[in-house]
Amino acid sequence: MIIEAKALLFDNDGVLVDSHHSVDHCWAKWAIEYGIEGFSISNHYGTRAQDLVLSLVGQERFEEANDRINALEQESAHETVPLPGAVELLISLPADRWTICTSANPKLGLARIQAAGLPVPKQLVTGGDVEHGKPAPDPYLLGASRLGFAPADCVVFEDAQAGVVSAKAAGVSMVIGVSIRALDTDAEIVIEDLEGISFDGVQLVIPEDKILRR
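Note that the structure is a prediction, hence the values are computed from the model and not measured.

So, how was this worked out
Residues numbered from 1 in each chain as written. Predicted model: local features only at pLDDT ≥ 70, side-chain atom pairs only at ≥ 80, totals over all residues. Heavy atoms only, no water. Disulfide = S-S within 2.5 Å. Buried < 20%, exposed > 50% of the residue type's maximum accessible area, 1.4 Å probe, protein only. Patch = residues over 30% accessible without salt bridge, like charges linked within 9 Å, V, L, I, M, F, W, Y side chains within 5 Å. Areas by Shrake-Rupley, 256 points an atom, 1.4 Å probe, with all protein chains shown as cover. Salt bridge = Lys/Arg side-chain N within 4 Å of Asp/Glu carboxyl O. Helix = DSSP H or I, 4+ residues; strand = E, 2+ residues; numbered from the N terminus. Contact = heavy atoms within 4.5 Å. Pairing = 2+ DSSP bridges. Right-handed = clockwise from strand over helix to strand, strands pointing away.

## Observations regarding the state of the cysteines
What we call a disulfide is simply a covalent bond connecting the sulfur atoms of a pair of cysteines. Taken as a whole, this structure holds 0 disulfides when the rule is applied. With no disulfide of its own, Cys 101 has Cys 154 as its nearest cysteine by sulfur position, at a separation of 8.7 Å. Residue classification places Cys 101 among the buried residues on the basis of a relative accessible area of 0%.

Dropping the structure here:
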């Protein structure tokens, strides 16, 4: 499959790196500490921690609870590993044609990228860079702007519905879902992983055998 594009915008967790085990563990521990029964972070993948914490504990306990989940996740950031094809794809891309738009806070986002051995883009967008996190369009609007392109010139890679909604609201040309988790999202197509994908600044090429849904 060949897709015309000028720039690529990547979510990080679940697309470029695998941090789900540590994320699940940290949030499960946090939920127990704050007495939140029946909570599963898997229902909230793609959203900013600060937004989720506020909705769960309220303003009065927000600062303490937010600091706690940030500390737990930061402590486990070193466990992050790259997903198939991520390193190879990113190092092959024109440096001014891609960036990462993650919901993680700046310190955590950078730590996970570095732990996975990925190149760090100069135009990195984190949860701390925007007023409203995913599913609001702010992260992908900012990512496109920092690269100097209109959202309609960009293709987004996502694995979570919150991120897909964010990208679509930003007006990107296409949202590509990554992994079987993305089959439950509204992404236009879904691929297994990033192995074998190439992009030269004009054409994005996706091997047919990587496409799970179109």
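Picking up where we left off.
## Regarding a nonpolar patch on the surface
Together, Ile 180, Leu 183 and Leu 212 make up a nonpolar patch on the protein surface, roughly 270 Å² of accessible area in all. Turning to its location among the elements, Leu 183 is positioned in the loop between strand S7 (174-178) and strand S8 (189-191).

## Looking at helix H6 (residues 161-170)
When H6 is considered as a whole, its buried residues turn out to be Ala 162, Gly 163, Val 164, Ser 166, Ala 167 and Ala 170. Contacts made by the buried residues of H6 are with helix H5 (138-147), strand S6 (154-158) and S7. Two residues or fewer after H6 comes Gly 171, characterised by a positive phi angle close to 90°.

## Examining the pairing of S7
In terms of residue burial, S7 counts as a mostly covered element, since 5 of its 5 residues are buried. Residues of S7 alternate between two faces, with Met 174, Ile 176 and Val 178 on one and Val 175 and Gly 177 on the opposite face, all of them buried. Here 4 bridges tie S6 to S7, and the two strands are oriented parallel to one another. Directly across from Val 155, in S7, lies its bridge partner Met 174. One crossover worth recording links S6 to the parallel S7 by way of H6, and it is right-handed. Bridge analysis of S7 against S8 gives 3 bridges, and the strand direction is parallel. What sits directly across from Val 178, in S8, is Ile 191.

## Details of the sheet that holds strand S1 (residues 2-4)
As summarised here, the arrangement of the 3 strands in space is S1-S10-S9, forming an open sheet in which the pairing is antiparallel. What marks the edges here is a single partner per strand, and that holds for S1 and strand S9 (198-199). Direction of pairing for S1 relative to strand S10 (residues 203-205): antiparallel, over a ladder of 3 bridges. Note that in S10 the partner of Ile 2 across the bridge is Val 205.

## Topic: the pattern of salt bridges
The tally for this structure, following the rule as stated, stands at 13 salt bridges. Among the salt bridges present, the one from Arg 181 reaches Asp 159, with a minimum N-O distance of 3.4 Å. Of this pair, Arg 181 sits in the loop between S7 and S8 while Asp 159 is found in the loop between S6 and H6, placing the two residues 22 residues apart along the sequence. On the basis of relative accessible area, Asp 159 is assigned to the buried category, the value being 5%. Here the residues in one salt-bridge network are Glu 192, Asp 193, Glu 195 and Lys 210, joined through shared partners.

## With respect to unusual backbone geometry
The linkage connecting Lys 134 with the following residue, Pro 135, adopts the cis geometry, with an omega of 15°. Its place among the elements puts Pro 135 in the loop between helix H4 (106-115) and H5.

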